[in-house]
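Residues per chain, in single letters:
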Amino acid sequence: MSWDAPHSLLYYLLLLMLGSGVLASMGIGSLFFLKRSGVKRANFFYGLLLICIGGTLLHNIIYVVGFYDRFPSWKFFPIYFTLSIPTLLFFYVNLSLYPAYRLRVSDIKHFFLPLAQWLFFWSVFLRPLNDKVDAGRYFYNPFYGGLEQAIYLSSFFAYLYFSYRYVYHRRSGRLSIKEGRKVWYLSKLLKGLLILFGIHAAFVLTDFFCYEFLYINLRSVRVYAGLGALSFAALVYFLCIYGFQVLFWGRRLFGNQSKW
């Protein structure tokens, strides 16, 4: 999509919606690091989740407007965190339900791919401009390509499943009113994400098969790129709404004592 091409009002409304999602996720996510009520480690993971998904949405905006075409030196700026999002969501749910849980050495495996993806983007971003040309989207690239998209989709659905298993197990026990509300909200969070991510996954899979097998770059089609970006933005807004409720209405919802 050309930077200098004429655009319609819908295009600028799309950018406004996407940009607002980035600002909301970054703002609410940052406040979770300051949140004193609830499980502090769960707050940390949710805050990091919002910031990572907001950064990924910003990456999508930059791609839609063709910023990298005009400023290629900024290509691969490390704000793309698709492999971090499922892991951060899983640990938020886990620590919210089981505050006494302590991270173990065996948990390192969950963070290997997210960290490797972040380091990959840094390594390419810091290369000379001519070397970045050979580091585009490739099928077997596990950090930015066809394989990365497959890992992203499968890991998101897998972590959603395991997160819901934790919720189901916790709900089967005896709960206080406060714990019951928390479990109910977490179950609604996961069910909403399942629906929205299913829609987003349909766009990702269509783009993947067209790009890898039909050699058609659907991201260059404005309507498709816009709808695909909106499908991801819906996830961001949904997580922001949930975070806003927990952050500012946590005392009333869960009985937490908090200045927020």
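Residues numbered from 1 in each chain as written. Predicted model: local features only at pLDDT ≥ 70, side-chain atom pairs only at ≥ 80, totals over all residues. Heavy atoms only, no water.

What follows deals with the overall build of the protein. On a plain count of helices and strands, the protein comes out with 9 helices and 0 strands. Going from N to C terminus, the protein has its helices and strands arranged as α-α-α-α-α-α-α-α-α. The C-alpha radius of gyration computed for the protein amounts to 19 Å, which stays within 12% of the reference 18 Å derived for 260 residues, consistent with globular compactness. Considering only C-alpha atoms, the protein reaches an extent of 55 × 45 × 30 Å along its principal axes. Pairs at least 24 residues apart make up 74% of the contacts formed inside the protein by residues separated by at least 6 positions. Of the accessible surface of the protein, which amounts to about 13500 Å², a share of 69% is contributed by carbon and sulfur atoms. In the protein, 26 positive and 9 negative side-chain charges are present, and the distance between their average locations comes to 22 Å. (Helix = DSSP H or I, 4+ residues; strand = E, 2+ residues; numbered from the N terminus. Rg over C-alpha atoms; globule rule 2.2 N^0.38 Å. Contact = heavy atoms within 4.5 Å. Areas by Shrake-Rupley, 256 points an atom, 1.4 Å probe, with all protein chains shown as cover. Lys, Arg positive; Asp, Glu negative; His and termini not counted. Charge placed at Lys NZ, Arg CZ, Asp CG, Glu CD.)

Packed helix pairs are characterised by how far apart their axes lie and by the angle those axes make with each other. Close contact between helix H4 (residues 85-97) and helix H7 (residues 146-171) brings their axes to 8 Å; oriented N to C, the two are set at 5°. In terms of orientation, H4 lies roughly parallel with respect to H7. Together, Ile85, Pro86, Thr87, Leu89, Phe90, Val93, Asn94 and Leu97 of H4 and Tyr152, Ser155, Phe156, Tyr159, Leu160, Phe162, Ser163, Tyr166, Val167 and Arg170 of H7 make up the contact between the two elements. Across the contact of H4 with H7, the residue classes break down as 13 nonpolar, 4 polar and 1 charged. (Axes fitted to C-alpha atoms, helices over the stretch in contact; angles between N-to-C directions. Parallel < 35°, antiparallel > 145°, perpendicular 65-115°, else oblique. Nonpolar A, V, L, I, M, F, W, Y, C, P; charged D, E, K, R; others polar.)

Moving on: the nonpolar core. Membership of the largest hydrophobic core comes to 69 residues, with the highest contact counts inside it found for Leu89 and Tyr92. Elements with a contribution of two residues or more to this core: helix H1 (9-32), helix H2 (40-64), H4, helix H5 (108-125), H7, helix H8 (177-213) and helix H9 (222-254). For tyrosine 92, the residues in contact, after removing those within four places along its chain, are Ala42, Phe45, Tyr46, Leu186, Leu189 and Tyr242. (Core = buried A, V, L, I, M, F, W, Y, C linked by side-chain atoms within 4.5 Å. Buried < 20%, exposed > 50% of the residue type's maximum accessible area, 1.4 Å probe, protein only.)

Don't take any of this as a statement about function, it's just geometry.
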